[in-house]
Amino acid sequence: MAAADRTGDDDALYVLTAAMLTPERFPGVLGDDYPAACAHLGLDPLPDGYGLVFGQDGGGARWTVATTDAAMVACALAAWDCGLEYALSPDDSTLAASLPGWPLPVAVSVPGVPAPHDPAGQEAGPALAPPDVSVWGPPQRRLGADEIAVRWHEWRDQLVPPAGPEAESGAAADPPQDAEPTAGQEAGQETTRESAAEKAAPQVSHDGVRRALQSAEEYLRTPPPPGRVRTTAGTLRADGPGWSLVARTDDMAFVLLDEAPGEVLPVGRGPSLPPLLEALGKLASVTP
């Protein structure tokens, strides 16, 4: 998260944070694939994508600015991740859209201006808003998959089932604790992870999981839209109507379903999952 950065006069944007919107990297909550994510924001799916800048104006109103200078936004994100300052100020010539509201949660605000609120009297249409996490549907399912992809090891250690009938039942999607495992714990858990993945039943009892895996396999024969299969934080992501898959190619997988609210369903490696994940990984590495 970046510190607020004022870019000019009183009507300019105070930049709070940003996100990428490219075929390889976009907030999954916006859609199952890159074209769908662009359509959610009313943007054309350009091959090089966009950067999304979230901020407030001098009156405190929320704004999302889409810039075609995706490389500059990528540099800003990399700098912020390293704890460095980066004054993100897109040039007017690169601005593709200025949209009211924020499509994602933003936890910071600009000091000294009114609290964040939707712009009043705008003709740009309804303001963007983060999904309601009190209900379950496609945006919430993808939001959960994004979280698991970014924090794979924490979720993996929490959700991997023990041997036995529980291996197919799924686990409640409560967020893991913030405590990071130590290096020694990580090393000691590797053997446990491998053996637990082997013990997780390769048989899939949930029809929705079976359909998701079949849909993912179909992507190998009929390439899906850009971004439908991609890597996020080193973790494989695949999405389709009603389902999201999160996996490591050398490990097991988790499936989230619209029809199974709040559940994360584990899939053991077995004999068929490894080649599927390997092939999907290769598909994700192909530039759209």
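Quick note: structure is the one above.
Rules and cut-offs
Every chain is numbered independently, its residues counted from 1 as its sequence is written. Owing to the predicted nature of the model, reporting of local features is limited to residues with pLDDT of at least 70; listing and counting of side-chain atom pairs is limited to 80 or more, with chain, interface and lining totals taken over all residues. Hydrogens are left out, water is left out, and the side-chain values use all remaining heavy atoms of the structure. The numbering of helices and of strands both runs from the N terminus, where a helix is a DSSP run of H or I of at least 4 residues and a strand a run of E of at least 2. A helix's residues, less one, multiplied by 1.5 Å, set its expected span. Working definition: with a 1.4 Å probe on protein chains only, accessible area under 20% of the residue-type maximum means buried, over 50% means exposed, and in between means partly exposed. In this description, the arc belongs to the directions extending from the helix axis to the C-beta atoms. Throughout, nonpolar core names a set of buried Ala, Val, Leu, Ile, Met, Phe, Trp, Tyr and Cys residues whose side chains join them through atoms within 4.5 Å. Contact criterion: two residues are considered in contact whenever any of their non-hydrogen atoms come within 4.5 Å of each other. Think of it this way: a Phe, Tyr or Trp ring, Trp meaning its six-membered ring, pairs with another when their centres are within 6.5 Å, and the plane angle makes it stacked under 30 degrees, edge-to-face over 60, tilted otherwise. Ring-over charges, as used throughout, are those where CZ of Arg or NZ of Lys falls within 6 Å of the ring centre and within 35 degrees of the ring normal. Think of a salt bridge as a Lys or Arg side-chain nitrogen and an Asp or Glu carboxyl oxygen that are within 4 Å of each other.

Caption draft 1: Fine view of helix H6 (residues 207–218). With 12 residues, H6 should reach 16 Å at 1.5 Å per residue; the first-to-last C-alpha distance of 16 Å fits that figure. The set of residues buried in H6 consists of Gly208, Val209, Ala212, Leu213 and Ala216. End-on, the buried residues of H6 take up no more than an arc of 135°, which puts them together on one face.

Caption draft 2: Inspection of the nonpolar core at higher detail. Residues Leu21, Leu30, Leu41, Leu43, Tyr50, Leu52 and Phe54 are the most contacted members of the largest nonpolar core, which totals 24 residues. Looking at this core, the elements that each hand over two or more residues are strand E2 (14–21), helix H1 (34–40), strand E3 (50–56) and strand E5 (95–100). Not counting the four nearest positions on each side in its chain, Phe54 is found in contact with Tyr14, Val15, Leu16, Thr17, Ala18, Ala19, Trp63, Thr64, Trp102, Pro103, Leu104 and Val106. In terms of nonpolar packing, the next biggest core, distinct from the first, is built from 22 residues, Leu257, Ala260, Leu273 and Leu280 among them.

Caption draft 3: Broad picture of the packing of aromatic side chains. For the coordinates displayed, the defined rule picks out two aromatic pairs. Its end group placed over the ring of Trp102, Arg62 keeps NZ or CZ at 5.5 Å from the ring centre. Over the aromatic face of Phe26 sits the side chain of Arg230, whose NZ or CZ is 4.1 Å from the ring centroid.

Caption draft 4: Seen up close, the pattern of salt bridges. Tallied over the entire structure, the rule returns 18 salt bridges. Here Arg156 and Asp251 are joined by a salt bridge, their closest N and O atoms 2.8 Å apart. Of this pair, Arg156 sits in helix H4 (residues 152–159) while Asp251 sits in the loop between strand E9 (243–247) and strand E10 (253–257), and the two are 95 residues apart along the sequence. Residues Arg156 and Asp251 agree in their burial class; the two are buried. In this structure, the salt-bridge partner of Asp239 is Arg230, at a minimum N-O distance of 3.4 Å. Each member of the pair, Asp239 as well as Arg230, carries the same accessibility label: buried.

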